[in-house]
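Observations on chain architecture
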Amino acid sequence: MWNWLRQIKDSITQKTTGLMRMQFWREAVEDIFCDNPPHQPVATELWRAVKRHNLTKMWFIKIIDEREKNLDDRAYRNIQELETYAENTQSALLYLTLEVLGVRDIHADHAASHIGKAQGIVTCLRATPYHSTRQKVFLPMDICMLHGVSQEDFIRGKQEKNVRDVVYDIASQAHIHLEHARSFSKKVPVKAYPAFFCTVALDDYLCNMRKVDFNIFHPSLQKKSTLLPLHLYIRSWKKTY
């Protein structure tokens, strides 16, 4: 379901079409929790998961509502708005993952909130070169204005220091969320750790960003890391996130 919702924005040319698809999923979720799933493969599997793991309806609705708001195709006004989007999408998805793992714990939820926000911020950064080629920029406007950077600077792929300062500030916020999530890791049940292994990819991207001095357009940032599986194995073996 998440992949379907995520792809809607990029696959439509008119907002009305996107709204119709979002409404389909909103009604599908309602029907699923009424034990009457629509005859659609993803919805059927979702119904089975809901029944098997007693998943919370609220998280599905939050994801759909936030993705619907995001169809407006505009930049985030500030970093808090980006974090709200990430909380209602990425974090909500992690809450559901925890429920699938059988974890219902306040500390795990707290960690999921911060990791989801970090993932949302990193995703926004990682997608910037792609969006720039489509004449779109979604980075928080308050941070851009703080450094005197315009959307046009990103669309043109500029690499001046003030552009890199914008990227640094946004990336730093993601790093802060990751560190905060780890600050109380001893209170998080080990059973929850598999839900948080996405931090491996986040750490990898932020580390590579530092290596290129926060030049978001550097070609190396668009390449897959061959060491990710190894880092994932080590993180799993050490039972850390």
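Now for a description of the structure that goes with this document.

Soluble globular proteins tend to pack their nonpolar side chains together in the buried interior. The biggest cluster of nonpolar side chains holds 35 residues, and the ones touching the most others in it are F60, L98, A111, V188, A192, F196 and Y241. Put simply, the parts of the chain that give this core at least two residues each are α2 (15-33), α3 (41-53), α4 (57-69), α5 (79-100) and α6 (106-126). Setting aside chain neighbours within four positions, we find F196 in contact with L98, A108, A111, A112, I115, V188 and Y241. Core analysis: the second largest hydrophobic core is formed by 32 residues, C124, L206, M209 and I216 among them.

A word on the layout of surface pockets. The volume enclosed by the second largest pocket comes to roughly 300 Å³. Considering the residues around the second largest pocket, the lining is formed by R126, A201, D204, Y205, N208, S220, L221, Q222, K223, K224, S225 and L228. Residue contributions to the lining of the second largest pocket peak at four residues, all from helix α11 (residues 199-211). Across the lining of the second largest pocket, the residue classes break down as four nonpolar, four polar and four charged.

Before going further, it helps to spend a moment on a nonpolar patch on the surface. Side chains of L227, L230, Y233, I234 and W237 sit close together on the surface and give an oily, nonpolar patch of about 570 Å² of accessible area. When you line up the elements, W237 lands in helix α12 (residues 228-238). For W237, a relative accessible area of 62% gives the class exposed.

Glancing now at the packing of α11 against α12. At a closest axis distance of 9 Å, the pairing of α11 and α12 adopts a crossing angle of 125 degrees. As judged from the angle between their axes, α11 and α12 are oblique. Handedness of the α11/α12 crossing: right-handed. Touching T199, V200, A201, D203 and D204 of α11 are L228, H231, L232 and R235, all from α12. Residue composition of the contact of α11 with α12, by class: four nonpolar, two polar and three charged.

A complete count under the given rule lists eight aromatic pairs for this structure. Aromatic side chains F24 and W25 sit 5.2 Å apart centroid to centroid with 80 degrees between the ring planes, which places their arrangement in the edge-to-face category. The exposure class of F24 is partly exposed, given its relative accessible area of 34%. By way of ring pairs, the aromatic residues Y193, F196 and Y241 are connected into one cluster.

Turning next to the environment of F33. By the secondary structure assignment, F33 is in helix α2. For F33, a relative accessible area of 29% corresponds to the partly exposed category. Through-space distance from the C-alpha of F33 to that of L93 is 17 Å; in sequence the pair is 60 residues apart. Discounting chain neighbours no more than four positions away, the residues touching F33 are V50, L55, T56, K57 and F60.

What counts and what doesn't
- Residues numbered from 1 in each chain as written.
- Predicted model: local features only at pLDDT ≥ 70, side-chain atom pairs only at ≥ 80, totals over all residues.
- Heavy atoms only, no water.
- Core = buried A, V, L, I, M, F, W, Y, C linked by side-chain atoms within 4.5 Å.
- Buried < 20%, exposed > 50% of the residue type's maximum accessible area, 1.4 Å probe, protein only.
- Helix = DSSP H or I, 4+ residues; strand = E, 2+ residues; numbered from the N terminus.
- Contact = heavy atoms within 4.5 Å.
- 1 Å grid on protein atoms, 1.4 Å probe; cavity = no way out; pocket = protein on both sides within 12 Å on 5 of 7 lines; lining within 4 Å.
- Points joined across faces, edges and corners; volume = space filled by probe spheres on them.
- Nonpolar A, V, L, I, M, F, W, Y, C, P; charged D, E, K, R; others polar.
- Patch = residues over 30% accessible without salt bridge, like charges linked within 9 Å, V, L, I, M, F, W, Y side chains within 5 Å.
- Areas by Shrake-Rupley, 256 points an atom, 1.4 Å probe, with all protein chains shown as cover.
- Salt bridge = Lys/Arg side-chain N within 4 Å of Asp/Glu carboxyl O.
- Axes fitted to C-alpha atoms, helices over the stretch in contact; angles between N-to-C directions.
- Parallel < 35°, antiparallel > 145°, perpendicular 65-115°, else oblique.
- Left-handed = near helix turned anticlockwise from the far one by under 90°.
- Phe/Tyr/Trp six-rings, centres within 6.5 Å; stacked < 30°, edge-to-face > 60°.

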